[in-house]
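Here's the letter readout for the chains.
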Amino acid sequence: MDRIQDQKKATNLCELYADDQDEGVEKQQQTGLDSQFLLKCTPEDVEKYTIHVRKQLMEGEGECLIEIGVPINSSSKKGIPEDSLQKAIDAHQKILEKIPAVGTRIVQRRHTGNLVTEVYLIRDPPEEKDFIEARVAVVGNVDAGKSTLLGVLTHSALDDGRGAARTKLFRHKHEFESGRTSSVGNDILGFDVHGNVVNKPDPHNHNLDWVQIGSDCAKLVTFIDLAGHEKYLKTTIFGMTGHMPDYTMLMIGANMGIIGTTKEHLSLALSLQVPVYLVVTKIDMCPANILEETMKNITRLVRSAKKLPILVKNMDDVVHAAVNFPSKKVCPIFQVSNVEGTNLPLLRQFLNVVPLRRSLNENDPAHFQIDDIYWVDGVGTIASGTLLSGTIRLNDILLLGPTSNGDFQPIPIKSIHRKRMPVGIVKCGQSASFALKKIPKKDVRKGMVLVDPKTKPVASMLFEAEILVLHHPTTIKPNYQAMLHIGSVRQTATLVSMGKEVLRTGDRDKVQFKFIRQPEYIRPGTKMVFREGRTKAVGTVLSVVPQESLAQQRAKNKEGRHKNYHKKPSGPKPPNGKPKVEKQLESLSLDKIADSTRA
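None of these values were measured; they are calculated from a predicted model.

**Observations regarding the overall build of the protein**
Scanning the protein for helices and strands turns up 14 helices and 27 strands. Of the contacts formed within the protein by residues at least 6 apart in sequence, a portion of 70% connects residues at least 24 apart. Of the accessible surface of the protein, which amounts to about 31,300 Å², a share of 51% is contributed by carbon and sulfur atoms.

Shown next as structure tokens:
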């Protein structure tokens, strides 16, 4: 009887799945929306479209690009008749008001058969003290014009051709003198809900009011200005690993072409899996034949990295590049002039509309990595960095560590700042600063973390990783030492063991590393870079061997002492502290020496 029932169940299941397969295409056509659903505006279609837009906003952290006249999950034809476009736009606006969301027109596209579509940027209504944050690492060879372009973008004033724009960003005296960036600089560009730039520099000292920009903007782009010179490569690698950029802007001088550290910076971005777009600068001073040669070399370089180059010439190209950019299959290329302002509006619009596609872990326990430490009089030690997972609120108690002993200490979070603006909460993927009360600056270092006590964090000295050697002049063997960059951790480590006998350029292997100085908190799956002179290698942390804390070591030693405790033999000691047997042996040997001398 049971057997017959099981057969019936199996038959019913087969029928159920068979129906699903047969009706799969029909179902998709029923649930999908054709290109002209906004002209009909049935309640069912409006509800489906509302759900679709909300989902897109959630995935894009509060913003997305929508093209009116394009079918959604349907195979119908693209486009709306031009005379009916305004009706579709009005219906679209009413739906956005109900969500609620704010739409801004970007560009109109024409299709065959007198059909058109319109691209809209949709954003959540602006909230006070909250904004979408994107981090862009700016890399390229020395003298490519990195700081000059950032000065022009953030201060909305063209350069004079002699480096006036870059002086607004420098932090140190020697940078003013040499004109070269040597530290990791942070500059911001704010966009309001409609995509207008909100940066308003002071007319007298050209300084930007970060708090004002933070409160006015709906999206904030943080530029991590990195050094181009080869001797500052350590700083550049730390900026790429420790500051967790979402995108990389690789800059190339049109007159100089691909020279120096350009290829190295590109390979670093590709190995860390950060999407890259190129900006070719100084096109106003470059002869046409040299510019053409540079563009050929750039196209060849991009294709060698298995990416499709897209030369951005108009707003339609900007939208096409922005939509496909997070897939890491395309590489947009901009040709700009900081003196004449050529194509700068296209670059600004690209930064405004490019979507964020990070994997968010808001429900996971908090994990905040520290990449910089300050001291502020009257406040104390300030730690800044990026929240990799979870959410942190005011008065939360987190564990700070690891110390040199591998311990973690509990700390209450008393104040939070985002871009110099006081806030009450930090979400996953955002950068922030915390005031650490009663903690001396010397006790905090780059590479430390603030984690949720639930995770029960353990520091480690030993870990296993899979590495790929990009370049090494000879061979790598066990006991080889190199500087490791794992997130914001920077420390020399020894290669303890590996699968192969030796490693050469292009080899891939599983190896074990051991830190030289102190234990660190690292998580499996983290990308890593290691370098030593001209040796470069990249990899991923596979597993971590936990390090015992100082308290655990003391407890173990105490147990060992109790186990090994035994009574010392009693009795009087010899006069000179030596046992009798040793004294007899000594006297015998002395007698032998005396006999041999007599003979």
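So much for the structure itself; the text now carries on.
**What about the sheet that holds strand E9 (residues 276–281)?**
What holds strands together in a sheet is hydrogen bonding between their backbones, with the strands either parallel or antiparallel. Taken in spatial order, the seven strands line up as E6-E7-E5-E8-E9-E11-E10 in an open sheet, and their pairing is mixed. At either margin of the open sheet sits one strand with a lone partner, and together these are strand E6 (185–191) and strand E10 (308–311). Here the average twist between neighbouring strands, direction ignored, is 25°. Of the pairings in the sheet, the one linking E6 to strand E7 (residues 219–225) comprises seven bridges and is antiparallel in character. Paired with Asp-187 across the bridge in E7 is Phe-223.

**With respect to the nonpolar core**
By size, the foremost hydrophobic cluster in this structure holds 40 residues, and its most contacted members are Phe-223, Met-249 and Tyr-277. Residue assignment places this core across two domains, with domain 1 (32–123) and domain 2 (132–353) each supplying three or more.

**Describing the packing of aromatic side chains**
In total, this model carries 13 aromatic pairs according to the counting rule given. Arranged with centres 6.1 Å apart and planes meeting at 75°, the rings of Tyr-277 and Phe-334 form a pair that is edge-to-face. Linking Tyr-277 in strand E9 with Phe-334 in strand E11 (residues 330–335), this pair joins segments that are 57 residues apart in sequence. Pair check on accessibility: Tyr-277 and Phe-334 agree, each one buried.

**Section: the pairing of strand E1 (residues 63–68)**
Burial of E1 is extensive: five of the six residues sit out of reach of the surface. With six bridges joining them, E1 and strand E4 (residues 115–123) adopt antiparallel strand pairing. What sits directly across from Leu-65, in E4, is Leu-121.

**Points about the pattern of salt bridges**
Scanning all chains against the criterion turns up 15 salt bridges. A salt bridge links Glu-67 to Arg-109; the shortest N-O distance between them is 3.3 Å. One end of the pair, Glu-67, is in strand E1; the other, Arg-109, is in strand E3 (residues 102–111), with 42 residues separating them in the sequence. Of the charged contacts, one joins Lys-427 and Asp-130 as a salt bridge, the two residues approaching to 4.0 Å between their closest N and O atoms.

**As for the pairing of E10**
Judged from the four bridges that link them, E10 and E11 form a sheet pairing that is parallel. Looking at E11, one finds that Leu-308 is bridged to Val-330. Between the parallel elements E10 and E11, the chain passes through helix H11 (residues 315–324) in a crossover that is right-handed.

**Considerations on a nonpolar patch on the surface**
On the surface, Tyr-374, Val-376 and Val-379 cluster together to form a nonpolar patch covering roughly 220 Å² of accessible area. Examined against the element boundaries, Val-376 turns out to sit in strand E12 (residues 367–376). Classification of Val-376 by relative accessible area gives partly exposed; the value is 37%.

**Regarding the sheet that holds strand E17 (residues 416–418)**
One open sheet accounts for eight strands, arranged E16-E15-E21-E12-E13-E20-E17-E18; its pairing is antiparallel. For this open sheet the edge positions go to strand E16 (409–412) and strand E18 (421–423), each flanked by a neighbour on one side alone. Ignoring strand direction, the axes of neighbouring strands in this sheet form an average angle of 40°. As defined by bridge partners, strand E15 (residues 397–401) adjoins strand E21 (residues 449–451) across three bridges and the pair is classed as antiparallel. When the sheet's bridge partners are listed, Leu-400 is paired in E21 with Leu-450.

**Examining the side chain of His-243**
Inspection of the secondary structure puts His-243 in the loop between helix H8 (233–242) and strand E8 (247–253). Non-local contacts of His-243, meaning those with residues more than four positions away in its chain, are made with Arg-135, Val-184, Asn-186, Ile-224, Phe-238, Asp-371 and Thr-386.

**Some remarks on H11**
When we look at burial in H11, the residues that qualify are Val-318, Val-319, Ala-321 and Ala-322. Relative to the axis of H11, the buried residues are bounded by an arc of 165° and lie together on one face. As for H11, its buried residues are in contact with E3, E4, E10, E11 and helix H12 (344–353). For H11, the capping residue at the N-terminal end is Asn-314, with a side-chain oxygen 3.2 Å from the backbone nitrogen of Asp-316.

Rules of the game
- Residues numbered from 1 in each chain as written.
- Predicted model: local features only at pLDDT ≥ 70, side-chain atom pairs only at ≥ 80, totals over all residues.
- Heavy atoms only, no water.
- Helix = DSSP H or I, 4+ residues; strand = E, 2+ residues; numbered from the N terminus.
- Contact = heavy atoms within 4.5 Å.
- Areas by Shrake-Rupley, 256 points an atom, 1.4 Å probe, with all protein chains shown as cover.
- Pairing = 2+ DSSP bridges.
- Axes fitted to C-alpha atoms, helices over the stretch in contact; angles between N-to-C directions.
- Core = buried A, V, L, I, M, F, W, Y, C linked by side-chain atoms within 4.5 Å.
- Buried < 20%, exposed > 50% of the residue type's maximum accessible area, 1.4 Å probe, protein only.
- Domains from an automatic or database assignment.
- Phe/Tyr/Trp six-rings, centres within 6.5 Å; stacked < 30°, edge-to-face > 60°.
- Salt bridge = Lys/Arg side-chain N within 4 Å of Asp/Glu carboxyl O.
- Right-handed = clockwise from strand over helix to strand, strands pointing away.
- Patch = residues over 30% accessible without salt bridge, like charges linked within 9 Å, V, L, I, M, F, W, Y side chains within 5 Å.
- Arc of directions from axis to C-beta.
- Polar contact = N/O pair within 3.5 Å; in protein donor to acceptor, adjacent residues only side chain to side chain.

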